[in-house]
Amino acid sequence: MSGTHKIKIAARLRPRLEHEIDDQGIQITHDEDGEGPSWIRVPNPRDVTQVFRFPFTSCYDQDSTQEDIFEQDVRPLIDVVYSGVTVTIFAYGVTSSGKTHTMQGTRTCPGVIPRVVEAMFEQKAALLKSNVELAVSYMEIYKDECYDLLVDRETAPKLPVRENDIGQVFVANLSSVPITSVEEFVTIYSHASKHRSVGATNLNRSSSRSHAMLTLEVTMTDSLAQRTLTGKINLVDLAGSENNKLTGNDPTRMAESAAINKSLSVLGQVVHALNQGASRIPYRNSKLTRILQDALGGNSVGLLICNLAPGTKFRQDTLNTLNFAVRTKNVENRPVVNERDIRPQPKPHFAAILPPPPKLAPAVLQPLEAVAGPSRGPRPSVARAGPRASLASAGQSKSRVPRASGIGVFGGQKGRRPSAVPAPISEKAETSGSSGMMQLTDKEIDERIARAVEAEVARRLKEREELERQEKENIALQVQLQKEREREKLKEEDQGLPTGVLTPLMAQHRDLDHELRARLEELEEKYERGTKELQLADVLSPASRKKTGRAYVMLARAHSEKGDLQVALDLYRKAETYVPDNVKLKERWILFIVHVFLCMVSGSKR
């Protein structure tokens, strides 16, 4: 199948219900010769003198039957499915307009779904050259979440919507059950339909509270032609748009109604964007449009069945449904045949000349100590963000450090080691080292990480304290130098010393000034390094930040017990940068500040 295919529209007006007010305003007219389009005439509810006309290929009045719509519009699509193309049929309309009746029907008056299954098995029996297999899947979209209806609904998980590498959208983990007869399908479908979300409203005693999608997949394998065709037919029963003023919904039904109306609104936005040729189509704004993406501007053949209600209270909703149908019939799809070649790949002849493999440079291995470096204790990088080291014991069987081996390929020669390669480490040492790493448990690895973090924090705190001590000394030296300058200046003014007397002293002061400037520059460099190191908290994982903050708290307690209250306060502040959301730490910090304040007050009184 090539070219484009516009979505076909079929409009159906249901019969009047008991106690329903019908003014016979909606009229359906057919072309006299039966070849032209049919028309639906609907009066404007705001101005009854104005009548809207909607032309469609297929229009069905209140006297139409389930068989009429199936034979005229649905049965021709069965051949399309068996040609390896995806077909999507979805019923659209306001609540209580007869969508579920059109799709499901009853035992005495079956709808589209049971008739499609029966026709699929009839077509299967006519195919003698191919091995045909049928499978069914059934799901619902309830409050914009996907659920499998072929499993227990009470324990059914939410199913995610995914996209494969060729751009096809699918529902992950959705079950597919093979079927071999119509009776087997009826048993499965009847049981699964009981799982669908249904509720009572003022307009419908059994109103569908979710969008339901039944998918029949047929796989045809032709062993002679050595190819496989895969056709699908998606039968979608959309939940109807609702006016909460008429339905009398309670809070639970209101939430369901909001989700239904939102998804249908996004469906209208997608159709509008496709008609406008927009660069971005909002498929992802709803699970419904995401799943129907293949039927809306995709690679499937589409049929939209618009269900209309004759009541006067539905007149505006009827116009909205018909306007949506007019926009939808302009959407173009590009159907493709889902064909797969099952011929085995030919094997090359043993005498065939293959191109020589590219020559690789000789691999020069280094000793294990040279690669790993001397032991320097725990490194701070173990606390970086990313996969934890504990995963090494679960899935990795190879060490990250290359081991020297006397067996391998060196410059195209197997089994020989160049003289430039150092002797390998003994097998016993390798085995013990690798087994030691493999036997580490998560608890031991966490303890090592904690010890490494504590050691690194202690080292940085010590360096920080050294920087602060040097800063205080420099500030004191600068203050003292400034006081001496002022003192000498006052003496010179008071005593009127002759010129040149203070020259040696000023030279000495200039030397001190240069020394102070050099020390200040050194301090600034150390502070820049300290600032970069303090940014470690931004790249640590949540677990590492928590452990680092815990280490700062432990050091703060230690300094608090020693009486170094200012240092302990700084440590508490640093701990808060790593765990800013820790309420317990904030309370402890506030109590400590109060403690420091009371100590200062008591010290000042003494």
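Residues numbered from 1 in each chain as written. Predicted model: local features only at pLDDT ≥ 70, side-chain atom pairs only at ≥ 80, totals over all residues. Heavy atoms only, no water.

Here we take up the confidence of the model for the protein chain. When pLDDT is averaged along the protein chain, the result is 78, and 74% of the positions lie at 70 or above. Looking at the elements of the protein chain, mean pLDDT is at its lowest for strand 20 (residues 409-410), recorded as 38, and at its highest for strand 12 (residues 177-179), recorded as 95. Note on residues 363-438: pLDDT under 50 across the span, and 64 contacts to partners over four residues away in sequence or across chains. (pLDDT = per-residue confidence, 0-100. Helix = DSSP H or I, 4+ residues; strand = E, 2+ residues; numbered from the N terminus. Contact = heavy atoms within 4.5 Å.)

What follows is about the pairing of strand 15 (residues 211-222). Counting buried positions over the 12 residues of strand 15 gives 9, a clear majority of the element. Pairing geometry for strand 15 and strand 16 (residues 227-237), over 11 bridges, is antiparallel. Each residue of the ladder has a partner; that of Thr 219, found in strand 16, is Thr 230. (Buried < 20%, exposed > 50% of the residue type's maximum accessible area, 1.4 Å probe, protein only. Pairing = 2+ DSSP bridges.)

On to the packing of helix 7 (residues 251-276) against helix 9 (residues 315-328). For the pair helix 7 and helix 9, the least separation of the axes is 9 Å and the interaxial angle reads 40°. Every pair of crossing elements has a handedness; the one defined by helix 7 and helix 9 is left-handed. Two secondary-structure elements touch here, helix 7 through Leu 267, Gly 268, Val 271 and Asn 275 and helix 9 through Phe 324, Arg 327 and Thr 328. Residue classes in the contact of helix 7 with helix 9 are distributed as 3 nonpolar, 3 polar and 1 charged. (Axes fitted to C-alpha atoms, helices over the stretch in contact; angles between N-to-C directions. Left-handed = near helix turned anticlockwise from the far one by under 90°. Nonpolar A, V, L, I, M, F, W, Y, C, P; charged D, E, K, R; others polar.)

This part covers a negative patch on the surface. On the surface, Asp 61, Asp 63, Glu 67 and Asp 68 cluster together to form a negatively charged patch. You can see Glu 67 is positioned in helix 1 (residues 66-74). Residue class for Glu 67 comes out partly exposed when judged on its relative accessible area of 45%. (Patch = residues over 30% accessible without salt bridge, like charges linked within 9 Å, V, L, I, M, F, W, Y side chains within 5 Å. Areas by Shrake-Rupley, 256 points an atom, 1.4 Å probe, with all protein chains shown as cover. Salt bridge = Lys/Arg side-chain N within 4 Å of Asp/Glu carboxyl O. Lys, Arg positive; Asp, Glu negative; His and termini not counted. Charge placed at Lys NZ, Arg CZ, Asp CG, Glu CD.)

Enumeration over the complete set of coordinates arrives at 15 salt bridges. Between Arg 284 and Glu 163 there is a salt bridge; the shortest N-O distance is 3.5 Å. Of this pair, Arg 284 sits in the loop between helix 7 and helix 8 (287-291) while Glu 163 sits in strand 10 (residues 161-163), and the two are 121 residues apart along the sequence. Taking relative accessible area as the criterion, Arg 284 reaches 61% and is therefore assigned exposed. Relative accessible area serves as the criterion here: at 39%, Glu 163 is assigned to the partly exposed category.

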